[in-house]
Structure formats: structure tokens, C-alpha cells
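So the chains spell out like this:
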Amino acid sequence: MFDKHCDFALNRLDKDAIVCQSVTGEHIRLTQEDFASEEEFNHWKAWSDDDYHKIQLAGRNDDDCLSFEDVRDAFSPSAEDVLLAPVMAEEAKKRRKEFLRKLRHNLTETQYRRLCLYYLEGKTEEEIAVIEGVKQQRISKSLIAGKKFVEKIFKEFLENRG
């Protein structure tokens, strides 16, 4: 049994026609009468059989293709998005710098250093305590106070995004 929707099988089984799918999805038959000569028909029939066979062997079929509707409905950025992307990126960069400046300015040097060690370098409270020669509880309290301040600044930052 063969797949009656498979272009390769339909074309191969119909010796008197080249069977192919139209743009509407319907299968059409091109017969010898559609060509100038029997030789021309035989040339294109052999070519279509071979081409469909190669497609079949490669594991590709019409299901692997995107329809016009799929392409049309696929996301693509608008012209405005493309034009504004560099401006928006620059604005975001400025806002990040301002946020980090505000954090750096308002956190103590110790809080800033400990937060960086903890979050950016992935060190544990115990490791930071050893590095700084203090007890782990002091690091924990410093991180908690620093996190509270960061949350406050971040909340203000988000509220003022405009």
C-alpha cells in the first residue's frame, strides 16, 4: 500500500502523466498532450520521477515546508521596531548605568563588595566570611540589608520607567 497523498508515489504509479501538486494543493496531471513531443514528455517524466525519488530519500516532503499563511502569520519585526531598536538599546543601556550608579552610590563599599561576591562570583556566605576575616552572621546581615536596599531601588527604578 502507498500513501495516496505522496507526490512520489502518485507520480511513479501514473506512467502516462506527470503528477504534481498545484498551488491550491490539488494534484494535477500533465500528460503527453501537454508537451510538444513524446520525447519532451519522456524527458520531464524521467526528471520528475528522479526528483521526487531524491526528495523521498532525503526525508523531505511538502509537510516540511511552510505555507504562505504560516510565513505571513510568523512574527517579524515591524519597520518601526527595526528603526527604533538601536535607540531603545541605547536608552536601556543608559538606564542600566544609572541604576548601577545609584546602587554603587547608596550602598556601602562593604555591602557592594559582598553583594558582588555573593551574586556575581557565586561565593557562599561562609566563603565571604573567610575572605574578609569575619563571622558568617555578619556577612548574612550585610547581604540582607544590601538586598533590601537593592529591592527598594529596583522598585523605584521600575516605577519610573515611563
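The structure this text deals with has already been given above.
To keep things clear, this report deals only with the structure shown in the data block. (Residues numbered from 1 in each chain as written. Predicted model: local features only at pLDDT ≥ 70, side-chain atom pairs only at ≥ 80, totals over all residues. Heavy atoms only, no water.)

## So, helix α2 (residues 38–57)
Item 1. Compared with the 28 Å implied by 1.5 Å per residue over 20 residues, the 28 Å span of α2 between its first and last C-alpha is a close match.
Item 2. Taken as a whole, α2 has its buried residues at F41, K45, S48, D49 and Y52. Projected down its long axis, α2 shows its buried positions confined to an angular sector of 100°, all on one face. Turned more than 90 degrees away from the buried face of α2, the exposed residues are E39, K54 and L57.
Item 3. Of the surrounding elements, those touching the buried residues of α2 are α1 (7–13), β1 (17–21) and β2 (27–31). (Helix = DSSP H or I, 4+ residues; strand = E, 2+ residues; numbered from the N terminus. Expected span 1.5 Å × (residues − 1). Buried < 20%, exposed > 50% of the residue type's maximum accessible area, 1.4 Å probe, protein only. Arc of directions from axis to C-beta. Contact = heavy atoms within 4.5 Å.)

## Observations concerning the pattern of salt bridges
Item 1. Going through the model one piece at a time under the given rule, you end up with seven salt bridges.
Item 2. The residue K54 makes a salt bridge to D50 at a minimum N-O spacing of 3.2 Å. Of this pair, K54 and D50 both sit in helix α2, four residues apart, roughly one helical turn.
Item 3. Sharing partners across several salt bridges, the network here consists of R113, R114 and E132. (Salt bridge = Lys/Arg side-chain N within 4 Å of Asp/Glu carboxyl O.)

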